[in-house]
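Notes for the structure review
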Protein chains: 2
Amino acid sequence: MSGVAARPADADLFATARAEAAGRDAADPLARFRDAFVLQAGTINLDGNSLGSMPRAVVARMERVLGSEWSKGLIRSWGGAGWFALPETVGDRIAPLIGAGAGEVVVGDSTSVNLFKCIAAALALRPERRVLLLQEDNFPTDNYIAQGIADMVPGVSLRAVKSTDAFAGAIDDSVAAIVLSHVHYRTALVEDMAAINRAARAAGALSVWDLSHTTGAVPVDVAGAGCDFAIGCTYKYLNGGPGAPAYCWVSPELIERTRQPLSGWMGHKTPFDFSFDYEPATAIRRFVCGTPQILSLAALDAALELWAEVDLPQLHQKSRDSTEFFIDLVERSCAAFGVTVQSPRDGSRRGSHVAFGYENGLQVMRALAAQGIIGDFRTPDTMRFGVAPLYIGYGDIVRAVAALHDILLTRSWDRAEFRGTTVVT
Amino acid sequence: MSGVAARPADADLFATARAEAAGRDAADPLARFRDAFVLQAGTINLDGNSLGSMPRAVVARMERVLGSEWSKGLIRSWGGAGWFALPETVGDRIAPLIGAGAGEVVVGDSTSVNLFKCIAAALALRPERRVLLLQEDNFPTDNYIAQGIADMVPGVSLRAVKSTDAFAGAIDDSVAAIVLSHVHYRTALVEDMAAINRAARAAGALSVWDLSHTTGAVPVDVAGAGCDFAIGCTYKYLNGGPGAPAYCWVSPELIERTRQPLSGWMGHKTPFDFSFDYEPATAIRRFVCGTPQILSLAALDAALELWAEVDLPQLHQKSRDSTEFFIDLVERSCAAFGVTVQSPRDGSRRGSHVAFGYENGLQVMRALAAQGIIGDFRTPDTMRFGVAPLYIGYGDIVRAVAALHDILLTRSWDRAEFRGTTVVT
């Protein structure tokens, strides 16, 4: 807000923060990845936890897919351009990011559809148990999918607990599977995955983890932590593009015993035999259903190329440091306006986004967006900012918080154009 | 095969056919649509029933989606670029092609996933009936999906009949739903949809139709023929691109009573309320599951633009005429080599592809492909050629059949490079 004078103490605060940010950005070993993205001058994408920015490699790949593979290769590209194998080749790019091995991950269908496959497969492995244990405020689609399964299969019922602290106590011998997010979509709270898995195993239940807010930002080791099933979205920190296909991992100890009901022809052992009986492919390929959406899948494949060069410990460290920097600066500059911190202060329990409570948060986020600072709002009062370590620098954070501060100071969120009730998606 | 002399009678045959084709192409009211596609000189896509050629409009659309909507609009494009509504706006482009009304079709997920939704929804509407009636040699994924549902839901069983002539007799009061393709994927036989639906209704069963080989080539009227559910793929005659998302239609008489178990957040009545309980959206939006794959969906949207200008009766007539021309020419030139006609001769019962039996069909198709003539092979002995009316002319057909004739005459399919057992996808 040009022309509006901040209070002197705040001006000092931001001047100091700017200097510190400049130093941190200069020393950032990940800074070079910024050039791998198409970033618009004047815009800061602090919603990369919802839709990641576009890697440059996607443009060239789409030109190849359209200009050659589809238009010239035609049907031959299923083999010749590797389309048929893409669910697995793209899966192999994701595997090292989550602690999985090669050949253990496939990509295709939406996060919701993959959840359905995994929950149904878990139920099939525990035929004597019919309860699905949910967390009440997990991302809604996870619970909706569980509800869809309970509606479809007589005898299956749901049990929802409010806090995951109560999970261990709620897992009894009726529970077939627990369904939980590793990083909470609103608060960014990171669950103690290993401990919850131990409790589930001790009670004989299987675990289905949603890693949507984890992958590409937060450390996770599905094998080491004893997960049974894991799924995740790829359009957040993996930057696969709007609605990019999701992935699915199943423990190698279970995979050959699993059956999942979305048994489409692309997951058949010999799809081109055109036999009547479904016979699942070996390993994780059996979690592929129908023909994959190749344009979206190829874009994701290109978006993932840069991850081979990313040092994951550096990435995770920057995520912790930059979210802490964000929270500190908001707390010091905006707490006086009634802004509260909703994300964990303990960096080891915090994902890569930060959440702040403010009653008029929706209007504030609109006022920020009008300045090119893109975050989002989650009902009822959460202002949410994603800090994608590959393309968000400390300078971006200072600019965003300074803008937030000015909006609160001048109540410019109260202007007519920022009112209304429509939720920012 | 240069240097090989055809028998004089065949030379006359092809000369006459070429002249006739030239006349027909000159008079073809659909010929102008050829320019709407990227067609490669020297290549004839006679596999448009498997992967349609690329409409030029797709390239410009992808440039817009990448260069502006994703990279600049970021998350705002869910509203600002219409992404959120795409399942329905693309559905509205398909609706008139199948006899459906506006607001009755949604697009997203694969054909297999959409079949799952519809079969499950049909079972939920007939809780007292537990049998799914299938056709034994329907396209495999249709039967695989039914098997997946039967595995998942205790009490559901499958009944498969060999020929659809036996369908009416097999529908008793245990049958919840029949699952059938309108146009057979191998032979192109067109089922008598209205008669089968009458038999199903009389017995109290619901119908789930797969229109994958119908849409964009063969007349169909889902409402007029009394269908209950219909799904279809969009990468064949609709030219949506490899693995383009499928569509789904539900009879308006049923839709408000249906529940489908892939109840993802994008089909929720108020997805951004983030409520615990799933409440389906009104109308066909409830058949949307998770976040749609926007790159693939936007490409399909662009590919469908030209259909607003297509005269459907002209399209259907050309499909009948050109497949008949194809069959006649093969029969007259290739029957002596042992090639048999597997598609119906009655044009009113034939889809837009033609199937011929030949023991070494796989090798023949490879030899054709080496000349840029792309068809496919379906086990055990079917040489299959799709005749997409918008970009395949009569001259293309003559060229393809003449090449087929020469390959058979010289047994050039017997050369080492065409041997092997890998199935052409």
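Conventions used here
Residues numbered from 1 in each chain as written. Chains lettered and ligands numbered in written order. Predicted model: local features only at pLDDT ≥ 70, side-chain atom pairs only at ≥ 80, totals over all residues. Helix = DSSP H or I, 4+ residues; strand = E, 2+ residues; numbered from the N terminus. Rg over C-alpha atoms; globule rule 2.2 N^0.38 Å. Buried ≥ 20, exposed ≤ 12 C-beta atoms within 10 Å, placed from the backbone. Least-squares fit on C-alpha atoms with pLDDT ≥ 70 in both. Contact = placed C-beta atoms within 7 Å. Core = buried A, V, L, I, M, F, W, Y, C linked by C-beta atoms within 7 Å. Domains from an automatic or database assignment. Nonpolar A, V, L, I, M, F, W, Y, C, P; charged D, E, K, R; others polar.

So, on to the overall build of chain A. Along chain A, the regular secondary structure elements total twelve helices and 15 strands. Taken over the C-alpha trace, chain A has a radius of gyration of 23 Å; the compact-globule value for 425 residues is 22 Å, and the two agree within 12%. With respect to the three principal axes, the spread of C-alpha positions in chain A is 75 × 55 × 40 Å. Within chain A, the fraction of its 425 residues that count as buried is 57%.

This brings us to the relation of the copies chain A and chain B. Mapping chain A onto chain B calls for a rotation angle of 180° and an axial translation of 0.0 Å; the resulting RMSD is 0.0 Å. Taken together, these values place the two copies in the relation of a two-fold axis. A share of 100% of the interface residues of chain A reappears at the interface of chain B, consistent with the copies meeting face to face through the same patch.

A word on the nonpolar core. Membership of the largest hydrophobic core comes to 282 residues, with the highest contact counts inside it found for Ile119, Ala177 and Ile178 of chain A together with Ile119, Ala177 and Ile178 of chain B. When near neighbours in sequence (up to four residues on either side) are disregarded, isoleucine 178 of chain A contacts Leu133, Phe167, Ile171, Ala200, Ala205, Ser207 and Val208 of chain A.

Residues and elements named next belong to chain A. You can read the domains of chain A as domain 1 (8–56 + 311–418) and domain 2 (84–309). For domain 1 and domain 2, the distance between their C-alpha centroids amounts to 30 Å. With 27 residues of domain 1 at the interface, the matching set in domain 2 holds 20 residues. Among the elements of the structure, β3 (54–55), α10 (312–334), β12 (353–357) and β15 (382–386) are those that each provide at least two residues to the side of domain 1 that touches domain 2. Broken down by element, the side of domain 1 that touches domain 2 gets its largest block of residues, three residues, from β12. Taken together, the residues that form the side of domain 1 that touches domain 2 break down as ten nonpolar, 13 polar and four charged.

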